[in-house]
Structure formats: C-alpha cells, structure tokens
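Structural overview
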Amino acid sequence: MQRTTHRSLLLTRPVVVALAAAVALTATSCAKSEDDASDSKKSPAAADAGQKVVTPKPGSKTCAIDAYGGEKVDLKDATVGFSQSEKEANPFRIAETQSIKDEAAKRGVKLLTANAQSQFSKQISDVQDLLAKGADLLVIAPLNSDGWDPVLQAAAAKKVPIVTIDRKINATACKDYVSFIASDFVEQGRRAADQMIEATGGKGEVAILLGSAGNNVTTERTKGFKERVAEKAPDLKVVFEQTGDFTREKGQQVTEQLIQSKPGIKGIYAENDEMGLGAVAALKGAGKEAGDIEIVTVDGTRNAVQGVVDGWISGVIESNPRFGPLAFQTLDTFTQGKEVPQDIVIQDSAYNADNAEQDLGKAY
C-alpha cells in the first residue's frame, strides 16, 4: 500500500487510545546501577514499579497496518531488533535494555540487539545491520531526534514497523514509525520546578544542568521547568545553564565550575540523575553540607533516591525505563491488525523526603 504524507506529530500532551491491554501492563524487571552492588532480590515495592499508561484523551490519533503500509505478522514467529542508544553505564539504559530482553524471553520472541555506544553514526549503522539480519520489527531508543532518514527509508522499503521509546524521532507518525512510547518530558520539567520552588521557597538563583543537545528530552524538560518557574515563582531566577550531556562526570565538572562562578547559587536542576549525582560529588568535594544547595533531578535511579534519603537531593521526578512489556504489547497489537496509539504516554511517580525511604525498592 502506498503511504501518505502527514505533518510531523509533536508530543505535547498525554494522548493514549485503543491499547486497553497495554494500559494494565506493568513491567517487573528492575536492573541495578553500576554503583549498586546490592543483592538481586526484588523488594515488595519493585513489583509495583512497572510502567503505567496515562488515561487516554478522546480523539487521540491511532495507527493501523492499513494506514501504515505494513503486513500482519505473528509476533511469536517474528524477529525483533532493538537498538540501544547509549553505553550501558547509565542505570536508565541498563534497566531499559534488560526490560526489553526480559520481555522477549518471556514471550519466546527472537531478539537481536545492538548498542550505539553514544555514537549516532553507529546507531544508524546498527539499525541498518538489524534490518540486514532479518529483523521483522524494530524497537529503537534514539540517541538524537534528527537524522533518521536513511533508517526510515530502509525500514519502509522492507515494510518493517518501528516503535520508538524514550526519545522522539522527528518524523511522521503512522508513516515513518508506528508509535512513540515515553514520558511527558514537559510535564517532568514542570514537576521538577514544583519541587525546586518548594525546596527554595521560590526565591534565589538556580542553575540548570542540561541534557544532551539534539534530542527532545532536553528541550522539553527545560521548557517545562522554565515555564513553571515563570508562572509560579518569578523571584526564582535561572542564572546558569550548561550541558552535562546526561553523564555523571560532566555533571560534576559543570557543577565545579558553577559553584566557583556563582557562589550564591541556591538550587540545581539536573535533567537526569547521573548529572545530579555528579553535582553531589562536586558539592562534597567543595566541602558543602547536605542541603546547602538544593538539587532536583529526573529519572528515579536507586542512587539518586538514596540521595534523597541522605539529604543531598531534594526531589527526584521518575522517568520509568521499563519499556519491555509495553513495547512488545504495542507491536503485538499492531501486527494483529488492530489500532494502536501514535503516542503512548507513561505516568511517572516522584520521590521526596516523605516517601524516598519507603519507595526505594521501586527505584532501578
């Protein structure tokens, strides 16, 4: 079937329909951080740590095989290719990949995997290689949002459906890819701002440790934070912004520069936990005490939530990486010829001083 061209779909609000089975899904895998050598037993809280889907909005857009141009496939007989974007040193990526592997094993589905090691050119080659090896379906965790035309064209030529997770590809839903599964990153930024406003009393100077350039996560988490601060706390001023590339090492380096150039800084918004933990290391190295500078982060890793328990981090907004069950359910529903949402938005929780200790088992 000839595909038609649509305007690029932007994720701006939670929109979910027609995936009733997925709404009830929860993922039970829980991967450990590199720095967490705790035992492998799952706490009771971990059983309730899977992804849950935001209540759908009426009239949300869907995608089906007839519109997309694919062919019906029995998922049990299919080969699924998974492309991971970053080296698995970040707990988010560890948990994400493990969740995909666990769900494939649970369903008895053949899985091919590749890791781009944080190199975009390698990720493009990786996905092309997955197609060459016979992947019938693709799950992609994109490193960047732009530059995917070679992959999209190759997949379209073979009528291979694509589901993207955690970062958005700037392309057309139900033409270039089937569904995008992720958190509402703008809302995460707003919720982080709420935590920062509460921690600082809504006054003072704050800094933002930006994520990597070139992807929608950084853009949207920044947008949400600034919008909420401007709306609710005009006396809270963002006076410093610098990328920490979503890494702990860079987060520490940038924070070391920050506290020298802005000694009166009152708060740090780190757009992921790894940068936030780097900020904690920098503050400790500078002789600061817990609570001297308020830190708010996004992800929900075990080490960051422990940082809340210990008083070094004021709050953590969750971004749940356990995509396996929801990604495979989406593929299964779609390949049966049924409609699936073009955007599937995850409902995230949060950690603060009131719940961090009791909910530590939900962290990854």
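Residues numbered from 1 in each chain as written. Predicted model: local features only at pLDDT ≥ 70, side-chain atom pairs only at ≥ 80, totals over all residues. Heavy atoms only, no water.

The number of helices and strands found in the chain is 11 helices and 14 strands. Expressed as a percentage of the 364 residues in the chain, the buried residues total 57%. Summarising the internal contacts of the chain: among those between residues at least 6 apart in sequence, 79% fall at separations of at least 24. As displayed, the chain offers around 14800 Å² of accessible surface, 47% of which is attributable to carbon and sulfur atoms. (Helix = DSSP H or I, 4+ residues; strand = E, 2+ residues; numbered from the N terminus. Buried < 20%, exposed > 50% of the residue type's maximum accessible area, 1.4 Å probe, protein only. Contact = heavy atoms within 4.5 Å. Areas by Shrake-Rupley, 256 points an atom, 1.4 Å probe, with all protein chains shown as cover.)

Membership of the largest hydrophobic core comes to 58 residues, with the highest contact counts inside it found for Leu138, Trp148, Ile162 and Ile313. Setting aside residues no more than four positions away along its own chain, Trp148 makes contact with Phe120, Gln123, Ile124, Val127, Ile140, Pro142, Leu143 and Ile169. Residues Ala104, Val139, Ile165 and Ile346 belong to the second largest nonpolar core, which totals 24 residues. (Core = buried A, V, L, I, M, F, W, Y, C linked by side-chain atoms within 4.5 Å.)

Of the two faces of strand β5 (residues 162–165), the one holding Ile162 and Thr164 and the one holding Val163 and Ile165 are both buried throughout. Where strand β4 (residues 137–140) lies against β5, 3 bridges are found, and the strand directions are parallel. Paired with Ile140 across the two strands is Thr164, which belongs to β5. In the classification by handedness, the crossover that spans β4, the intervening helix α5 (residues 149–157) and the parallel β5 is right-handed. Bridging between β5 and strand β6 (residues 179–183) involves 3 bridges; their strand directions are parallel. Residue pairing for β6: Ile165 is matched across the bridge by Ile181. (Pairing = 2+ DSSP bridges. Right-handed = clockwise from strand over helix to strand, strands pointing away.)

Mapped onto the elements of the fold, Gly251 is located in helix α8 (residues 248–261). Judged by relative accessible area, which is 0%, Gly251 ranks as buried. Considered as a pair, Gly251 and Asp273 are 22 residues apart in the sequence and their alpha carbons are 9.6 Å apart. Not counting the four nearest positions on each side in its chain, Gly251 is found in contact with Leu209, Gly244, Met275, Gly278 and Ala279.

On to the pattern of salt bridges, then. Taken as a whole and judged by the stated rule, the model has 20 salt bridges. Two residues, Lys133 and Asp129, come together in a salt bridge whose shortest N-O distance is 3.2 Å. Exposure remark for Asp129: the relative accessible area of 36% places this residue in the partly exposed category. Where Asp343 meets Lys168, a salt bridge forms, and the shortest distance between an N and an O atom there is 3.7 Å. On the criterion of sequence distance, the pair formed by Asp343 in strand β13 (residues 343–346) and Lys168 in the loop between β5 and β6 is long-range, its members being 175 residues apart. Note on accessibility: Asp343 and Lys168 belong to one class, buried. Look at the salt bridges and you will find they share partners, linking Glu86, Arg93, Glu96, Asp166 and Arg167 into a network. (Salt bridge = Lys/Arg side-chain N within 4 Å of Asp/Glu carboxyl O.)

Tallied over the entire structure, the rule returns 1 disulfide. The residue that forms a disulfide with Cys63 is Cys174, at a sulfur-sulfur distance of 2.2 Å. Across the S-S bond linking Cys63 and Cys174, the dihedral sits near 80 degrees, which makes this disulfide right-handed. Taken as a pair, Cys63 in strand β1 (residues 62–63) and Cys174 in the loop between β5 and β6 lie far apart in primary sequence, 111 residues in all. (Disulfide = S-S within 2.5 Å.)

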